[in-house]
Amino acid sequence: MDRMRLIPIVLILLLACNFGAPPGSADTSADQPEEGESIPPAQGDSPQNTPRPEEDEAAPDGGPSAVDVSPPSETVKLIFIHHSCGENWLADWSGGLGLTLTGNNYFVSDTNYGWGPEDPSLGGAIGDFTDIGHWWNWFLGPSSEEILRALFDESGQHSEYTRMESDPGGENEIVLFKSCFPNSALEGDPVDPPAEGASPLQGMDCGSDMHTVANAKRIYLDLLDYFAAHTDKLFIAVTAPPLLDTSPEQAANARAFNRWLVEEWLSEYSHANVAVFDFYNVLTSNGGNPNTNDLDSKYGNHHRIRNGQVDYVTGQGGDGSAYAEEGDSHPTPAGNLKATAEFVPLLNHYYHLWRG
């Protein structure tokens with residue numbers, strides 16, 4: 001922890017003030033490929049997700065392709081459901097997400113281990129359970145009404161990060177929900193369609209034999225029933241971080257599942273109150289090592305706003321963690337800072353689409 005706190009505070013302050021181009025890490029000056037040099041896409045990635053080495057063309061000022069990344073004009077209450085990776089992402093010493101959201105006019109609260117009402121079917125407080133199969137319990141299960149009432153009313157802080165001192169009152173309007181990296185160990189096959197009927201993964205943890213691509217897809221599709229009935233809230237699904245040590249099969253499954261969430265999950269959903277941030281993808285390329293990120297590079301894997309458009313690139317890195325070291329899949333501060341810088345403008349964009 002002491003080593004992590006040596007990251008200059010000025011980086012975090014700049015990150016909060018300039019969400020469009022914050023510093024990415026203690027060293028963001030990694031060498032980039034020579035002009036004209038192309039990086040081949042990773043196996044299995046489609047050509048349309050591979051950026052070309054030519055210079056990007058900026059969208060016309062005020063043109064139809066430009067998106068609104070300005071902060072909300074009034075303070076918006078937001079709550080983040082997470083465990084340890086989310087805790088580090090929020091923390092001032094690592095990802096600075098709490099500080100940056102505060103600088104963008106969001107009042108941030110969170111849940112963590114031990115939070116919330118008990119779910120009898122799980123045998124503990126719902127905050128202990130954030131695997132993909134548990135989202136069914138949060139939003140659709142027998143205890144979901146009590147759980148969600150507590151979630152919308154929560155204004156407390158359950159990990160350390162900077163946030164606004166004054167609670168603006170009212171319910172949380174935005175819900176971020178994220179599973180942790182063990183959920184990237186999906187079984188099955190990358191092209192498996194969603195399971196038919198009720199998902200066998202309902203209420204199960206990621207160690208279950210039911211933790212498969214098909215069953216996970218069905219969980220997320222079922223969640224849309226709840227989200228469609230509650231368009232007064234904005235729900236942001238944050239994908240689970242990648243694993244450092246994983247099999248090629250599980251890595252390919254994680255890549256395919258998270259691309260499905262971004263590219264297909266909402267294809268037939270008719271409302272603007274659900275969106276995805278591919279935290280996994282952002283953490284699968286770096287600037288040369290786990291402590292140097294590739295923020296603002298035209299190369300690498302990204303989920304961001306660039307030149308006035310959403311830029312989702314998946315073919316410029318691997319399928320495992322690029323920001324983990326010493327056998328630990330928790331992202332380094334460099335990776336968390338990259339994720340913050342790419343996420344917050346996207347969140348502002350999603351917010352304006354929803355309110356618009």
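Structure: above.
Residues numbered from 1 in each chain as written. Predicted model: local features only at pLDDT ≥ 70, side-chain atom pairs only at ≥ 80, totals over all residues. Heavy atoms only, no water.

Caption draft 1: Structural view of the packing of aromatic side chains. Taken as a whole, this structure holds 22 aromatic pairs when the rule is applied. For the pair tryptophan 135 and tryptophan 138, a centre-to-centre distance of 5.9 Å together with 55 degrees between the ring planes defines the contact as tilted. Of this pair, tryptophan 135 and tryptophan 138 both sit in helix H4 (residues 135-139), three residues apart, which is roughly one turn of the helix. A relative accessible area of 0% means that tryptophan 138 is categorised as buried. With centroids separated by 5.9 Å and ring planes inclined at 85 degrees, the aromatic side chains of phenylalanine 139 and phenylalanine 235 adopt a geometry described as edge-to-face. Highlighted residues: phenylalanine 139 in helix H4 and phenylalanine 235 in strand S6 (residues 234-238), separated in sequence by 96 residues. As far as the burial class goes, phenylalanine 139 and phenylalanine 235 line up, both buried. (Phe/Tyr/Trp six-rings, centres within 6.5 Å; stacked < 30°, edge-to-face > 60°. Helix = DSSP H or I, 4+ residues; strand = E, 2+ residues; numbered from the N terminus. Buried < 20%, exposed > 50% of the residue type's maximum accessible area, 1.4 Å probe, protein only.)

Caption draft 2: Structural view of the nonpolar core. With 35 residues, the main nonpolar core has Trp138, Phe139, Leu151, Phe177, Tyr220, Phe227 and Trp265 as its most contacted residues. Among the secondary structure elements, those contributing two or more residues to this core are strand S1 (76-81), H4, helix H5 (144-153), strand S5 (174-178), helix H6 (213-228), S6, helix H7 (248-263) and strand S7 (274-277). Among the elements that take part in this core, H6 stands out by supplying eight residues, more than any other. Formed by 31 residues, the second largest nonpolar core is a distinct cluster that contains Val108, Ile236, Val282 and Trp354. (Core = buried A, V, L, I, M, F, W, Y, C linked by side-chain atoms within 4.5 Å.)

Caption draft 3: Structural context of H7. Here H7 contains 16 residues, and its C-alpha end-to-end distance of 22 Å stays within 8% of the 22 Å for a straight helix at 1.5 Å per residue. Three or more residues of H7 are buried, namely Gln250, Ala251, Asn253, Ala254, Arg255, Phe257, Asn258, Arg259, Trp260 and Leu261. Buried residues belonging to H7 abut H6, S7, helix H8 (279-282) and strand S9 (309-313). (Expected span 1.5 Å × (residues − 1). Contact = heavy atoms within 4.5 Å.)

Caption draft 4: Focus on the packing of H6 against H7. Packing of H6 against H7 leaves a shortest axis separation of 11 Å and a crossing angle of 20 degrees. Overall, the two elements H6 and H7 adopt an arrangement that is roughly parallel. Crossing geometry of H6 relative to H7 is assigned as right-handed. Together, Val213, Ala216, Lys217, Tyr220 and Leu221 of H6 and Asn253, Phe257, Trp260 and Leu261 of H7 make up the contact between the two elements. By residue class, the composition of the contact of H6 with H7 is seven nonpolar, one polar and one charged. (Axes fitted to C-alpha atoms, helices over the stretch in contact; angles between N-to-C directions. Parallel < 35°, antiparallel > 145°, perpendicular 65-115°, else oblique. Left-handed = near helix turned anticlockwise from the far one by under 90°. Nonpolar A, V, L, I, M, F, W, Y, C, P; charged D, E, K, R; others polar.)

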